[in-house]
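Overview (structure and organization)
As a plain string of letters, each chain reads:
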Amino acid sequence: MTTTLHSSSSSSPIPNPYINPDRFSSFLADSVKMALTLPSPPSETLDHDHDNDSNNSATTQPPQSSLPQNPNPKPQSLPTLLHLSFNQDSGCFAAGTDHGFRYYNTDPFREVFRRDFDSDSDSGPGGIGVVQMLFRCNIQALVGGGPQPQYPLNKVMIWDCDQSRCIGELSFRSEVRSVRLRRDRIVVVLLQKVLVYNFADLNLLHQIETLENPKGLCEVSQGSGSMVLACPGLQKGQIRVENYTCGKTKFITAHNSRVACFALTNDGRLLATASSKGTLVRIYNALDGSLLQEVRRGADRADIYSLAFSSNAQWLAVSSDKGTIHVFGLKVELGSLERSSSSASEPNLSNPLAISHLSFIKGVLPKYFSSEWSVAQFRLREGCQYIVAFGHQKNTVVILGMDGSFYRCQFDPVAGGEMTELEYHNFLKPEAAF
């Protein structure tokens, strides 16, 4: 989840982003090291030479080494959160603050990496507004943020934890709204563009025009054999799905109102969407655009903050400004998704699994009464922004709040109802680093 940046006029990206060849040569071979645990930072102070700076696995092994020490342990007050996001398998999460960035393991919970930029520099502490991890490897993407950004808001910095420095950058003529990473691609989202780059050499592969997208909405699949990308289309309520494996583009009219949030399964076959109304969530076949299921979060309008599929696509979690985390049961047979659907905009009513158990009264009572409701819920403070993902332990969810809260909860897939809180931490407090 990224914080919303101030709107700016959309403009074209610089066609050939600047890359320091000395720092980016043999990138994949020499720098990207897929590891089970994140590396520890060096003990020396981070170099702030601005001339140099400008130039789904289910394994969750805890780090064996002690917690790395922050090379700049000067800020004493709690930092302000600017960004929160899970990595691709939800085994870790990243936090961008007005002082730097941090990484945490989700199960067991612990801080595994921290970088606070020098608060004694002339420009003050450096804020990071976007942090994107690449599974658990040493390469991340950073964008500046906050009142004193560490990097320009129009640049994506490629950061190497092993070297504790930026090894490359992508520059644009407008602010970067969000970034998505795969092992082979970097996806950069601008206000009205989505750009796909080859990770090995940062060559631009594809440029997509979108509706104005201040939230930076975009999702990419993580399957090694295929790549699916979802982003806003050019019309209100529309989502564009790019299937790069078969070279097909699909436009899905998901809602009548503006799209507020969406999510892809890791294999890119299912797409969940929510509109600005926030009452309904729809699940589509991303391959052909057919509507498979519709579930109801509630009757009142809400801002949907995040949607998340479980790894087996059996469950869908939803968070909103109402403070309740919902878990819905999905009734989709993944093996049947390869078959073409008879309709790209209406549910297959011949399939009893796609119909609510109250659908026999459909047409007699309002649609509200024939809706499918959540199986399990967890209630939090209303008004705070939360994002959610499924844990690696069975029937668990992990919840992160912009107030620094970390929850791990368990739900009963049969009885449903209120989830059980298993764990709570405030990851911004010093005692969270254990």
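Residues numbered from 1 in each chain as written. Predicted model: local features only at pLDDT ≥ 70, side-chain atom pairs only at ≥ 80, totals over all residues. Heavy atoms only, no water.

**Thoughts on the sheet that holds strand β21 (residues 304-309)**
Strand order in this open sheet of five strands is β21-β22-β23-β24-β28, and the pairing throughout is mixed. For this open sheet the edge positions go to β21 and β28 (417-418), each flanked by a neighbour on one side alone. Judged from the two bridges that link them, strand β24 (residues 376-379) and β28 form a sheet pairing that is parallel. Residue pairing in the sheet places Ala-376 in a bridge with Gly-417 of β28. (Pairing = 2+ DSSP bridges. Helix = DSSP H or I, 4+ residues; strand = E, 2+ residues; numbered from the N terminus.)

**Section: the sheet that holds strand β15 (residues 238-243)**
Strand order in the open sheet formed by four strands is β13-β14-β15-β16, with antiparallel pairing between adjacent strands. Each end of this open sheet is capped by a strand with a single partner; those strands are β13 (219-220) and β16 (248-253). Judged from the six bridges that link them, β15 and β16 form a sheet pairing that is antiparallel. If you follow Ile-239 over to β16, its bridge partner there is Ile-252.

**Here we look at the packing of aromatic side chains**
The description of an aromatic ring pair rests on the distance of the ring centres and on the angle between the ring planes. Throughout the structure, instances matching the rule amount to 19 aromatic pairs. Considering the side-chain rings of Phe-93 and Phe-427, the 5.2 Å spacing of their centres and the 65° angle between planes classify their relative orientation as edge-to-face. One end of the pair, Phe-93, is in strand β2 (residues 92-97); the other, Phe-427, is in the segment after β29 (420-426), and 334 residues separate them in sequence. With a relative accessible area of 0%, Phe-427 lands in the buried category. Taking the centre distance of 6.2 Å and the plane angle of 85° together, the rings of Phe-117 and Tyr-151 count as edge-to-face. Within this pair, whereas Phe-117 is found in the loop between β4 (109-116) and β5 (128-133), its partner Tyr-151 is found in the loop between β6 (139-144) and β7 (155-160), the two being separated by 34 residues in sequence. The same class applies to Phe-117 and to Tyr-151, which are both buried. Members of the aromatic cluster, each reached through a chain of ring pairs, are Phe-86, Phe-93, Tyr-104, Phe-109, Phe-406 and Phe-427. (Phe/Tyr/Trp six-rings, centres within 6.5 Å; stacked < 30°, edge-to-face > 60°. Buried < 20%, exposed > 50% of the residue type's maximum accessible area, 1.4 Å probe, protein only.)

**Observations regarding the environment of Ala-286**
One can find Ala-286 in the loop between β19 (280-285) and β20 (291-296). Classification of Ala-286 as buried rests on a relative accessible area of 5%. As a C-alpha pair, Ala-286 and Ile-252 span 34 residues in sequence and 8.6 Å in three-dimensional space. Non-local contacts of Ala-286, meaning those with residues more than four positions away in its chain, are made with Val-241, Leu-264, Gly-268, Arg-269, Leu-270 and Leu-271. (Contact = heavy atoms within 4.5 Å.)

**Notes on the pairing of strand β10 (residues 185-189)**
Buried residues dominate β10, accounting for four of its five residues. Where strand β9 (residues 178-181) and β10 come together, four bridges link them in antiparallel fashion. When the bridges of β10 are listed, Arg-180 appears paired with Val-187. Between β9 and β10, which pair antiparallel in sequence order, lie three residues.

**Thoughts on the pattern of salt bridges**
The tally for this structure, following the rule as stated, stands at twelve salt bridges. The residue Arg-282 makes a salt bridge to Glu-294 at a minimum N-O spacing of 2.7 Å. Highlighted residues: Arg-282 in strand β19 and Glu-294 in strand β20, separated in sequence by twelve residues. Between Arg-379 and Glu-418 there is a salt bridge, with the nearest N and O atoms lying 2.7 Å from each other. Of this pair, Arg-379 sits in strand β24 while Glu-418 sits in strand β28; the two residues are 39 residues apart in sequence, bridging distant segments of the chain. (Salt bridge = Lys/Arg side-chain N within 4 Å of Asp/Glu carboxyl O.)

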